[in-house]
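# Topology and contacts: notes
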Amino acid sequence: MDQESNPIAVLTAAKQKLVEERRTLAVAMALGYRRRRTDETHTNDMRETFIGIQTTIESIDRAIAHEKTIANRSTDSIVVPPLEVMASGMSGQSAPTV
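Below, the structure is looked at part by part.

## Thoughts on the overall build of the protein chain
The helix and strand inventory of the protein chain stands at 2 helices and 0 strands. Taking all 98 residues of the protein chain together, the buried fraction comes to 12%. For the protein chain, the accessible area works out to roughly 7900 Å², and carbon and sulfur atoms hold 54% of it.

## Looking at the nonpolar core
The biggest cluster of nonpolar side chains holds 10 residues, and these are Leu11, Leu18, Val19, Leu25, Met29, Met46, Ile53, Ile57, Ile60 and Ile64. Secondary-structure elements contributing two or more residues to this core are helix 1 (7-34) and helix 2 (41-72).

## Notes on the packing of helix 1 against helix 2
Running from amino to carboxyl end, helix 1 crosses helix 2 at an angle of 160 degrees, the nearest separation of the two axes being 9 Å. Judged by the inter-axis angle, helix 1 sits roughly antiparallel to helix 2. Here helix 1 runs over helix 2; the crossing is left-handed. Grouping the amino acids of the contact of helix 1 with helix 2 by side-chain chemistry returns 18 nonpolar, 4 polar and 7 charged.

## Let's talk about the pattern of salt bridges
Applying the stated criterion to the full structure yields 1 salt bridge. Note that aspartate 61 is salt-bridged to lysine 15, the shortest N-O span being 2.6 Å. Placement of the pair is aspartate 61 in helix 2 and lysine 15 in helix 1, with a sequence separation of 46 residues. Given a relative accessible area of 32%, aspartate 61 falls into the partly exposed group. Overall, the relative accessible area of 26% leaves lysine 15 in the partly exposed class.

Here is what the cut-offs are and how they apply
- Residues numbered from 1 in each chain as written.
- Predicted model: local features only at pLDDT ≥ 70, side-chain atom pairs only at ≥ 80, totals over all residues.
- Heavy atoms only, no water.
- Helix = DSSP H or I, 4+ residues; strand = E, 2+ residues; numbered from the N terminus.
- Buried < 20%, exposed > 50% of the residue type's maximum accessible area, 1.4 Å probe, protein only.
- Areas by Shrake-Rupley, 256 points an atom, 1.4 Å probe, with all protein chains shown as cover.
- Core = buried A, V, L, I, M, F, W, Y, C linked by side-chain atoms within 4.5 Å.
- Axes fitted to C-alpha atoms, helices over the stretch in contact; angles between N-to-C directions.
- Parallel < 35°, antiparallel > 145°, perpendicular 65-115°, else oblique.
- Left-handed = near helix turned anticlockwise from the far one by under 90°.
- Nonpolar A, V, L, I, M, F, W, Y, C, P; charged D, E, K, R; others polar.
- Salt bridge = Lys/Arg side-chain N within 4 Å of Asp/Glu carboxyl O.

Any link to function would need more than the numbers given here.
This is how it looks when you write it as C-alpha cells:
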C-alpha cells in the first residue's frame, strides 16, 4: 500500500522524525545544564521548542489511535454527528436547524 494512502504510516513516519528531533534537543539542553547555562535565552528557547515537539508527538499518538479506531469500524457503523451552526456573527439571521 502506498504511504500517502495510509494515514497511520504517514503519522508514524512524522512521529519518528519528531522523536529524533526531541532526542537531539534533549542532548543540547543537557549540555547547557552541565555548563550551568540554565537562564540563558537560548536554553529557554530550547525548552519551549522541546515542549512544542512533545505536545505534537502526543497529538500524533492520539491521531494514530483515532485512525486505528476508524480502520477497525465497518463503513456501515460510522455515525456522523449532526452539524450545529452557531448563530453568533449572523446579524439579523437565525441559525439554520439541522
